[in-house]
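The primary structure of each chain is shown beneath.
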Amino acid sequence: MTTKTWDVREQFRFPPSFGVPKEIKNVAVTPQCEIAEKEDIIQVVGIYHITCHVKFEEGEQEHHATSEFTEIEDLDLQGEVGYFEYAVPMSIEISKDKLKEGSKPTVHVNHIHSKPTEKMSIEIGWTVHCEYEEAPEPEPVKPVVEAESPNPAEPMEVENPNGDEFELQFILDLDDGYTKLSFPSNNVLVKQKGNGN
């Protein structure tokens, strides 16, 4: 199983009429996603669904028009505590050749943390874990190499644990029944003189 991990952070600002965010009472981040298959990639698309309770206190906050914050306009306020939900887009791509055939990636989050910032906003962060089964590595093709002498000019030495006895036994084990006859080139059998004949 392979796990890819990364961190996500989002900063949220609220209407000045709510006051200054002082404390995050509780926060949850829940991934909600589905798997989409494209030509050569598997795509995990969805959202990180955030729910959060923020405690406010009276005070003026400077309003900075900047794109680094997500503006939360709609808060369910009960006393000093406001509740909001937000969806952060999620898109994860995995190459098809990295994923084991028939398996699907899964996504979960942990290490959820939050804090008020000096810029009169709050920051929520979490760690994403995307897990999937990797495709097996193809077996490398091993070339067939004939054993050869390290130095081609010299013949390989073959160790003989039994010395000459091994070679002698080999000769003795050969089948009998083969003889060698010599014939003169005129194909006439010459009678050899025997002893006294």
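Let me sum up the structure you'll find in this document. Computed from a predicted model, the values in this text were never measured in an experiment.

Rules and cut-offs
- Position numbers for residues count from 1 along each chain, tracking the sequence in the order it is written.
- Under the rules for a predicted model, residues below a pLDDT of 70 receive no local features and side-chain atom pairs below 80 are neither given nor counted, while totals for whole chains, interfaces and linings still include all residues.
- To get the side-chain values, take all heavy atoms of the structure and skip hydrogens and water.
- In plain terms, two cysteine sulfur atoms within 2.5 Å form what is called a disulfide here.
- Any carboxyl oxygen of Asp or Glu that lies within 4 Å of a side-chain nitrogen of Lys or Arg is treated as forming a salt bridge with it.
- Each helix is a run of DSSP H or I of at least 4 residues and each strand a run of E of at least 2, with the numbering of both proceeding from the N terminus.
- Relative accessibility decides the category of a residue: with a 1.4 Å probe and only protein chains considered, values under 20% of the type maximum give buried, values over 50% give exposed, and everything between is partly exposed.
- When DSSP finds at least two bridges between two strands, those strands are taken to pair.
- Angles shown run from 0 to 180 degrees and are taken between the N-to-C directions of axes, each axis being a line fitted to C-alpha atoms and, for helices, limited to the stretch in contact.
- Pairing of aromatic side chains here covers Phe, Tyr and the six-membered ring of Trp, requires ring centres within 6.5 Å, and sorts the geometry by plane angle: under 30 degrees stacked, over 60 edge-to-face, intermediate tilted.

### What about the state of the cysteines?
Should the sulfur atoms of two cysteines be covalently bonded, the bond is a disulfide.
Step number 1: Tallied over the full model, the rule gives zero disulfides.
Step number 2: Not part of a disulfide, Cys-130 finds its nearest cysteine sulfur in Cys-33, a span of 8.4 Å.

### Overview of the pattern of salt bridges
Step number 1: Tallied over the entire structure, the rule returns six salt bridges.
Step number 2: The closest approach of N and O atoms between Arg-13 and Glu-71, which form a salt bridge, is 4.0 Å. One end of the pair, Arg-13, is in strand 1 (residues 2–13); the other, Glu-71, is in strand 4 (residues 70–71), with 58 residues separating them in the sequence.
Step number 3: By relative accessible area, Arg-13 is classed as buried at 0%.

### Considerations on the pairing of strand 3 (residues 41–57)
Step number 1: Bridge analysis of strand 2 (residues 20–37) against strand 3 gives 16 bridges, and the strand direction is antiparallel. By the bridge assignment, Ile-35 is partnered in strand 3 with Val-44.
Step number 2: Looking at chain direction, strand 3 and strand 6 (residues 81–95) are connected through 15 bridges and run antiparallel. Note that in strand 6 the partner of Val-44 across the bridge is Ile-92.

### Re the sheet that holds strand 6
Step number 1: Read from one edge to the other, the open sheet built from four strands follows the order 2-3-6-5, with strand pairing classed as antiparallel. For this open sheet the edge positions go to strand 2 and strand 5 (76–78), each flanked by a neighbour on one side alone. Across the sheet, the axes of successive neighbouring strands diverge by a mean angle of 25°, strand direction being ignored.
Step number 2: In the sheet, strand 5 pairs with strand 6 via three bridges, with the strands oriented antiparallel. Counted as the bridge partner of Asp-76 is Tyr-83 from strand 6.

### Considering the packing of aromatic side chains
Step number 1: One pass over the full model with this rule turns up six aromatic pairs.
Step number 2: Taken together, a centroid distance of 5.3 Å and an interplanar angle of 90° make the contact between Phe-14 and Phe-56 edge-to-face. Here Phe-14 is found in the loop between strand 1 and strand 2, whereas its partner Phe-56 is found in strand 3, with 42 residues between them in sequence. As far as the burial class goes, Phe-14 and Phe-56 line up, both buried.
Step number 3: Taking the centre distance of 5.5 Å and the plane angle of 65° together, the rings of Phe-14 and Phe-84 count as edge-to-face. Taken together, the residues span a long stretch of sequence, with Phe-14 in the loop between strand 1 and strand 2 and Phe-84 in strand 6 at a distance of 70 residues. For the pair Phe-14 and Phe-84, a shared accessibility class is recorded, and that class is buried.

### With respect to the environment of Glu-73
Step number 1: With respect to the helices and strands, Glu-73 occurs in the loop between strand 4 and strand 5.
Step number 2: A residue is classified by how much of its surface remains accessible, and Glu-73, at 59% relative accessible area, is exposed.
Step number 3: For Glu-73 and Phe-84, which are 11 residues apart along the polypeptide, the C-alpha to C-alpha distance reads 9.2 Å.

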